[in-house]
Amino acid sequence: MSAASHLIRQLKDDRIRVTLTLLGVVWATVSITVLTALGQSVHRALLKGEKGLGDGLVRVAGGVTSRPYGGFPRDRWIGFPLRDGRLIRDGIPEAELACAEFGPTIREIAWDKRTMTENIVGVEPAFGDLRSCFPQDGGRFINDLDMRQNRRVAFLGNAIKEKLFGRMPAVGQTIRIMNTPFTVVGVMRPKLQLSSYYTVDKDLVFIPASTFEKLFGWQHVSGILYRPKDPASAQRTKATIKTFLAAHHGYDPNDPRVWNIFDTRQIAEMIDDIGIGMRVFMFVIGALTLIVAGVGVANIMFVLVQDSTPQIGIKMAVGAKPLHILRQYLLEGLALVLAGGALGLLFSSFVLFLLRQIPIEEEGLAYLGRPELSLATVLIVSSVLTLIALAAGFFPARRAASVDPVEALRYE
Amino acid sequence: MILSDVTKVYPMGDTQVEALRGVNLQIKSREFIAVLGPSGSGKSTIMHILGCLDTPTSGTYHLDGAAIQGLNPNELAEIRNRKIGFVFQSFHLLPRATACENVELPMVFAGINATDRKACAERVLDQVGLKERTRHLPNELSGGERQRVAIARALVNRPSILLADEPTGNLDSRSGAEILALFEELHTEGRTVILVTHDEMIASRAQRVIRILDGRIGQGSSDNHGRKE
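Numbering of residues starts from 1 in each chain and follows the order in which that chain's sequence is written. Ligands are numbered from 1 and chains lettered from A, in the order in which they are written. The predicted origin of the model limits local features to residues at a pLDDT of at least 70 and limits the giving and counting of side-chain atom pairs to 80 or more, whereas totals for whole chains, interfaces and linings rest on all residues.

## Digging into the overall build of chain B
Summing up its helical and strand segments, chain B has eight helices and eleven strands in all. Within chain B, the proportion of its 229 residues that are buried is 48%. A sequence separation of at least 24 residues applies to 67% of the contacts in chain B between residues at least 6 apart. Per the convention used, a helix needs a DSSP run of H or I reaching at least four residues, while a strand needs a run of E reaching at least two, with both numbered from the N terminus. Exposed residues have 12 or fewer other C-beta atoms within 10 Å of their own C-beta, buried residues have 20 or more, and residues in between are partly exposed; the C-beta atoms are placed from the backbone. Two residues form a contact once the distance between their C-beta atoms, set from the backbone, is within 7 Å.

What follows is the structure in structure tokens.
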């Protein structure tokens, strides 16, 4: 008689007890599966959110010198003018999409009768791609013509657009920035953005850098952005730009204080570590639940062994070796746990399906991501289940195998 | 089967119970033996030791020339599986298994495949007159039928020794007589049959009667050999 068929007969006899144990395993499987899947999707969402600032983005800003250089004293302010963006773009091809940005500067903007104080930035066209600021349908980002002609056009972060226009279409409307009229040419498509160096992009008003320079009279940009063409040689690209800017502005290329660098790759690594930590945490909670279920399984297996002591005696009398008995109860424990596990996985995929139906436009929920039952999760959960089943089955099985056949036959 | 100076002591609470006190016994192949004694005399203990379900506390037991004492549980299980068939007073069938599955059991542990097992079990059930009852569960069978299933199970691995502990104890007289006739037939076919009983009438059917009292082989153990042959 196979372990499975024996278990099924036992199930009929002991319906309530076995069903409750099975439910425990199902519940624990659902917890570990859903938690593991959520951990995975939150990790993915965090990484995606990190990319919202720009995938592989590096930002270089000027600073104050800490060493004398070329006859100049220390404590000299080094700033980069707008043209440096173009110089790097043209001179250092390994720095992709290099561009300069001005701002932010907090100014009054108005439309119709509404007036607000918001962050204004001046950017070059490459900024859109670099920072994943993509226009919604019917609009566009700042372009080269806007730059060349110092046009008064604005690209609005989606939150600004909501505040200013509500549900009204914004593209084509004229807003006033410090009472200067600007035509709205585009609105940003909503994106998940985890980090920023002043404020998130949805809360910004973007205007052409050339217009910004003229309007506000800034001599130096706030930063130069680029993305290394080849991530593998990112360090070399960084060094090239460092040398280039130092030579251009006459300061010590190794002066640590001038060179203010912000590298999203480093942040991405940190976020990745947080994501991994969280997944481990979720998995451990799930695994603990599963261990509790394992204790339940061990408990019912002990009862099973106790109840079937006479049968164990009979089997031994007709020639069952201790190993046969051990194997039978191990397999029964395994069958019980794996049956619960299979049901649990089935139910988990349903729970995850429901979770995916939650609308995640909401900022907080966005970090839930879209949890899915991946093959990796199934494999991990199955191996943990098997381990727990073996552990839960082993001690009852060992007790069964050590039954004295004479005693067992007398038992009744 | 040779028992030399065998003792068996069971711990029972704080005291030690001596079930066997120096038993010497020799059973030849193809004998039909009755072990006769009142309850508590130690006759079941003799059967457990002869059947390798238990080992002596002291003394030696040789089966087919090989020493049994000192064998590990796996080796004992192997001997029980191959050489010995048990029949018990209360049948000891697996309650949730059909007649056929019960008979298949010893073959499971002998490592025989499912198809052969089933064919063999059905053949042996046919031999004991239960051809039509193979799919029934024990609680759907009469006492006599259950004991036949137990005998079929004892026979299925073709053991040379058949050990029966009060095999007719739970049966009405007619079924009991049929079962005894079956044991006689199995003996005639060439098996060693050892019947443990407290009933003089049943014991008288054997070739030789071994009387046991208080853990010792008693006076008056008789040889019915002449009468039976």
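## Remarks on helix H3 (residues 83-91) of chain A
All names here are of chain A. Buried within H3 we find Asp84, Gly85 and Ile88. Mapping the buried residues of H3 onto a view down its axis gives an arc of 110°, with all of them on the same face. Of the exposed residues in H3, the ones pointing more than 90 degrees away from its buried face are Arg83 and Asp90. Contact partners of the buried residues in H3: strand E4 (95-111), strand E10 (223-228) and helix H8 (234-249). It is the directions from the helix axis to the C-beta atoms whose arc is reported.

## Examining the interface of chain B and chain A
Across the contact, 20 residues belong to chain B and 16 residues belong to chain A. Of all elements in the fold, only helix H2 (73-83) and helix H3 (99-109) of chain B reach the threshold of two or more residues within the side of chain B that touches chain A. Among the elements that line the side of chain B that touches chain A, the one with the most residues is H2(B), at six residues. Of the residues in the side of chain B that touches chain A, the class split is ten nonpolar, four polar and six charged. Residue type decides the class: Asp, Glu, Lys and Arg count as charged, Ala, Val, Leu, Ile, Met, Phe, Trp, Tyr, Cys and Pro as nonpolar, and the leftover types, Gly among them, as polar.

## Considering the nonpolar core
Nonpolar cores are identified as sets of buried Ala, Val, Leu, Ile, Met, Phe, Trp, Tyr and Cys residues joined via C-beta atoms within 7 Å. Among the nonpolar cores identified, the biggest contains 114 residues, and Val35(B), Ala152(B), Ile194(B) and Leu195(B) are the most heavily contacted of them. Per-element tally for this core: the top contributor is helix H2 (residues 15-51) of chain A, with ten residues. The contact partners of Ile194(B), leaving out residues within four places of it in the chain, are Ile27(B), Ile33(B), Val35(B), Met47(B), Leu50(B), Ile161(B) and Leu163(B). Phe102(A), Val121(A), Phe155(A) and Ile160(A) belong to the second-largest nonpolar core, a separate cluster that totals 50 residues.

## Overview of the sheet that holds strand E1 (residues 2-12) of chain B
All names here are of chain B. Overall, antiparallel pairing links the four strands, which are arranged E2-E1-E4-E5 in an open sheet. Of all the strands in the sheet, just strand E2 (15-26) and strand E5 (66-67) have a single pairing partner and so form its edges. Criterion used throughout: strands pair if DSSP finds at least two bridges between them. One ladder, built from four bridges, connects E1 with strand E4 (residues 58-63); its direction is antiparallel. Paired with Leu3 across the strands is Tyr61, a residue of E4. Only the stretch in contact is used when fitting a helix axis, every axis being a line fitted to C-alpha atoms; angles between N-to-C directions are given from 0 to 180 degrees. Those strands touched by helix H1 (residues 43-50) are E1, E2 and E4, and its axis lies near 65° from that of E2.

## Notes on the pairing of strand E9 (residues 208-213) of chain B
All names here are of chain B. Of the pairings in the sheet, the one linking strand E3 (residues 32-36) to E9 comprises four bridges and is parallel in character. When the bridges of E9 are listed, Leu36 appears paired with Arg211. Both E9 and strand E10 (residues 216-217) contribute to a ladder of two bridges, which runs antiparallel. Note that in E10 the partner of Ile212 across the bridge is Ile217. In this antiparallel pair of consecutive strands, E9 and E10, the connection spans two residues, and Asp214 shows a positive phi of 50°.

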